[in-house]
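# Geometric and topological summary
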Amino acid sequence: MKVKRIQDAILPTKWGDFIIIGFEENVNRNNHVVLTYGEISGNSPILVRIHSECLTGDALFSLRCDCGEQLKSALKIISNEGKGILIYHRQEGRNIGLLNKIRAYHLQDMGLDTVEANHKLGFSADERDFTVCSDILKLMKIKKIKLLTNNPLKVKILEKCGIQIVERINLSIQHNPKNERYINTKISKMGHFIS
């Protein structure tokens, strides 16, 4: 296991009371949080969203991406479902870090798309390690899930790690003129399932 469970507490939100659980990676001590809602134990598949950290979208309301809207929508969907898990995967900027993400934004301002900008900075299109998320699910004794995602890479990696995905559910978000190129790049270059 790459992670260990640290502590949990109640987290009241506008979508209801969640339990927030802190996890720490064993080697680099990076931390991630999980929000659970309702009764998540048992054998039936549980709704899961893996949301990768995006300071600009989640906290600063950037319109360049769809991250903040995805986060709000996922919490609402989990609440409406009556139970579920949101893993807040703290790998900012597809795991290139906040400052490199700002560098990538600058390159996008110059005309590159998100994938081209990452490549120009010496990174792959997506540097995230989703095996951390599979370890978190295993520690929580979650084996079967309904995955709320548009990203085929998450599906592939979780299944390879032994997590059974019984259903993939699209996370549809209203697009805006500022993130149109970003969304189109996710579809055309990363294979995301976005209508």
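### What about the packing of aromatic side chains?
For the coordinates displayed, the defined rule picks out one aromatic pair. Taking the ring centre of Y105 as reference, the NZ or CZ of R64 above it sits at 4.2 Å.

### A short note on the nonpolar core
Counting 24 residues, the largest nonpolar core has I85, M140 and I145 as the members making the most contacts within it. Contributing elements (two or more residues each) for this core: β2 (16–25), β4 (46–52), β5 (84–89), α6 (131–139), β6 (144–148) and α7 (152–160). Residue contributions to this core peak at four residues, all from α6. In this structure, M140 is in contact with I21, F23, V34, T36, I40 and I85, ignoring residues within four places of it in sequence.

### Brief notes about the environment of R181
Mapped onto the elements, R181 comes out in helix α8 (residues 180–190). Each C-alpha atom, one on R181 and one on E24, is 35 Å from the other, the two residues being 157 residues apart in sequence. Non-local contacts of R181, meaning those with residues more than four positions away in its chain, are made with G111, L112, D113 and E116.

Scoring rules and cut-offs
Throughout, residues of each chain are indexed from 1 in the direction in which the sequence is written. Restriction of local features to residues with pLDDT of at least 70 applies here, the model being predicted, together with a cutoff of 80 or more for giving and counting side-chain atom pairs; totals for whole chains, interfaces and linings are based on all residues. Hydrogens and water molecules were not included; the side-chain quantities draw on all heavy atoms of the structure. Working definition: rings of Phe, Tyr and Trp (its six-membered ring) pair if their centres are within 6.5 Å, and the pair is stacked with planes under 30 degrees apart, edge-to-face with planes over 60 apart, and tilted otherwise. Two conditions define a charge located above a ring, namely a distance within 6 Å from the ring centre to NZ of Lys or CZ of Arg, and an angle within 35 degrees of the ring normal. Throughout this description, the term nonpolar core refers to a set of buried Ala, Val, Leu, Ile, Met, Phe, Trp, Tyr and Cys residues connected via side-chain atoms within 4.5 Å. Any residue under 20% of the maximum accessible area for its type is buried, any over 50% is exposed, and the rest in between are partly exposed; the area is computed with a 1.4 Å probe on protein chains only. Numbering of helices and strands runs from the N terminus; a helix is a DSSP stretch of H or I covering at least four residues, while a strand is a stretch of E covering at least two. Contacts: residue pairs with any heavy atoms within 4.5 Å of one another.

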